[in-house]
Amino acid sequence: MDGKLLILCDELPETKEHYSIKDYYFLKRDMIDPEDDPEKLFVTWDAIIPKNQSFIDACKYYGLTFEEMPPLFALMQEGKTDPKNGTIHGSLQEESYFNTLNYNRNRVTKLAQDGEDYQAEALDLSCQYPSQATEQFLRDFSSLLNKNGVVRILLCYKNTTDSASVRHRMLLMEAWKNQNRFMRDQSSSAEIVESIAYDDFGEVYSRANEEMLKIYSLPIFGISKM
C-alpha cells in the first residue's frame, strides 16, 4: 500500500547514516526529489509545534492589540531548521498564526481605507484571533499531511522533555484529530497511532519500522483492515 508514516520526535534536524530528521521546509517543499522522499518521515517536533512559544505569544499580543509589529517580526520565529536549508527558523504553527494575524490586520486596514467601521471589526477579530489561528493551524496540518502522503502519525517524546511542552503538543494533536473529521476538502485520512516516550532514538527507529510494516498490510490507502 502507498502511504507514509510521519514520526514526530524530540530531535534536532540532522542527517545520519541511516535516517534524516527533517524540518518544516522539507515538508512544505514544492518539488519532491525522488531520491529524497522517504516513506518514514522523521520530523522534529519543532517543525510543527515549537517548544519555544515566544513567537506564538507575540502573535497573540499583536492579534489582540493591533499594535504595529517590528519590521523583521516574521524572522523571530523559533522553529528549528536544518542548517543546510538556511538560517531562517520556522514551523507550521508559527506560519499559521502569522498568516492569520496578517489576514486580520489587512482586513481592518482595508475597512479603514474604505471608511467603514473598522474599530468594531478590530475588536471582534481581536477576540476571535486565538481560536481562529489555532483552527488555521489544524487545517494547515491536515493539508501538510495530504501534501506528503501521510497515512499514520507516530508521536514520540523524549523522557527529558518538559511536561508542559509534551502536554501542549498532545492537546493540539488531540484537537487536530477531533477537528479533522469535520473538515471538507482539507480532511486527512491519517490516523494517530499509540505514542511512545523514549530515552534513546533507537527506540523510535525500531517502533517506526513496526508501524511501517502495518501500513504495508493495509489493503487500501489509509484504510485499516476490518
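Predicted model, so just to flag it, every value in this text is computed and none were measured. (Residues numbered from 1 in each chain as written. Predicted model: local features only at pLDDT ≥ 70, side-chain atom pairs only at ≥ 80, totals over all residues. Heavy atoms only, no water.)

Turning next to the nonpolar core. One finds Leu6, Ile48, Phe141, Leu145 and Ile153 to be the most contacted residues of the largest nonpolar core, which totals 27 residues. Breaking this core down by element, the ones donating at least two residues are β1 (4-9), α1 (24-27), β4 (40-44), α4 (118-147), β5 (150-158) and α5 (163-180). Here this core takes 5 residues from α4, the largest share from any one element. Within the second largest apolar cluster, 16 residues are counted, among which are Cys9, Cys156, Phe201 and Val204. (Core = buried A, V, L, I, M, F, W, Y, C linked by side-chain atoms within 4.5 Å. Buried < 20%, exposed > 50% of the residue type's maximum accessible area, 1.4 Å probe, protein only. Helix = DSSP H or I, 4+ residues; strand = E, 2+ residues; numbered from the N terminus.)

Turning our attention to the pairing of β4. For β4, a buried count of 5 out of 5 residues is recorded, marking the element as mostly surrounded by other parts of the structure. On β4, burial covers both faces: Lys40, Phe42 and Thr44 on one face and Leu41 and Val43 on the other are all buried.

Turn by turn, an α-helix covers 3.6 residues, leaving residues three or four places apart pointing in a common direction. Here helix α2 (residues 54-65) is 12 residues long and its end C-alpha atoms lie 16 Å apart, about the 16 Å a rise of 1.5 Å per residue gives. Along α2, the positions that sit buried rather than exposed are Phe55, Ile56, Ala58, Cys59, Tyr62 and Gly63. Relative to the axis of α2, the buried residues are bounded by an arc of 160 degrees and lie together on one face. Its buried side turned inward, α2 meets α3 (92-113) and α4. The first or second residue beyond α2 is Phe66, which carries a positive phi of 60 degrees. (Expected span 1.5 Å × (residues − 1). Arc of directions from axis to C-beta. Contact = heavy atoms within 4.5 Å.)

Once that is clear, we can look at a nonpolar patch on the surface. Taken together, the side chains of Leu72, Leu75 and Ile88 define a hydrophobic patch exposed on the protein surface, amounting to about 320 Å² of accessible area. In this structure, Leu75 sits in the loop between α2 and α3. With relative accessibility at 51%, the residue Leu75 sits in the exposed group. (Patch = residues over 30% accessible without salt bridge, like charges linked within 9 Å, V, L, I, M, F, W, Y side chains within 5 Å. Areas by Shrake-Rupley, 256 points an atom, 1.4 Å probe, with all protein chains shown as cover. Salt bridge = Lys/Arg side-chain N within 4 Å of Asp/Glu carboxyl O.)

Turning our eyes to something else, we now look at the pairing of β5. For β5, a buried count of 8 out of 9 residues is recorded, marking the element as mostly surrounded by other parts of the structure. Sheet analysis places β1 next to β5, joined by 5 bridges and oriented parallel. Along β5, the bridge assignment pairs Leu5 with Arg152. Note: β5 against strand β6 (residues 191-192), 2 bridges, orientation parallel. Note that in β6 the partner of Arg152 across the bridge is Glu191. For the handedness criterion, the β-α-β arrangement of β5, α5 and β6 is classed as right-handed. (Pairing = 2+ DSSP bridges. Right-handed = clockwise from strand over helix to strand, strands pointing away.)

Right, let's get into the packing of α2 against α3. The contact between α2 and α3 brings their axes to 10 Å, and the two run at 15 degrees. By the angle between their directions, the pair α2 and α3 is classed as roughly parallel. Crossing of α2 against α3: the hand is left-handed. Of the residues in α3, those in contact with Phe55, Ile56, Cys59, Lys60, Tyr62 and Gly63 of α2 are Gln93, Glu94, Tyr97, Phe98, Leu101 and Arg105. Residues belonging to the contact of α2 with α3 are distributed by class as follows: 7 nonpolar, 2 polar and 3 charged. (Axes fitted to C-alpha atoms, helices over the stretch in contact; angles between N-to-C directions. Parallel < 35°, antiparallel > 145°, perpendicular 65-115°, else oblique. Left-handed = near helix turned anticlockwise from the far one by under 90°. Nonpolar A, V, L, I, M, F, W, Y, C, P; charged D, E, K, R; others polar.)

Moving on to the state of the cysteines. All told, the structure shown has 0 disulfides when counted by the stated rule. Cys59 forms no disulfide, and the closest cysteine sulfur to it belongs to Cys127, at a distance of 17 Å. By relative accessible area, which is 0% here, Cys59 ends up buried. (Disulfide = S-S within 2.5 Å.)

Now for the pattern of salt bridges. Enumeration according to the criterion identifies 13 salt bridges in this entry. Ionic pairing is found between Glu14 and Lys16, a salt bridge with its closest N-O pair at 3.8 Å. Judged by relative accessible area, which is 40%, Lys16 ranks as partly exposed. For the salt bridge of Glu211 with Arg207, the shortest nitrogen-to-oxygen distance reads 2.9 Å. Note that Glu211 and Arg207 are positioned in helix α6 (residues 201-216) at a spacing of 4 residues, about one turn of the helix. With respect to class, Glu211 is no different from Arg207; both count as buried.

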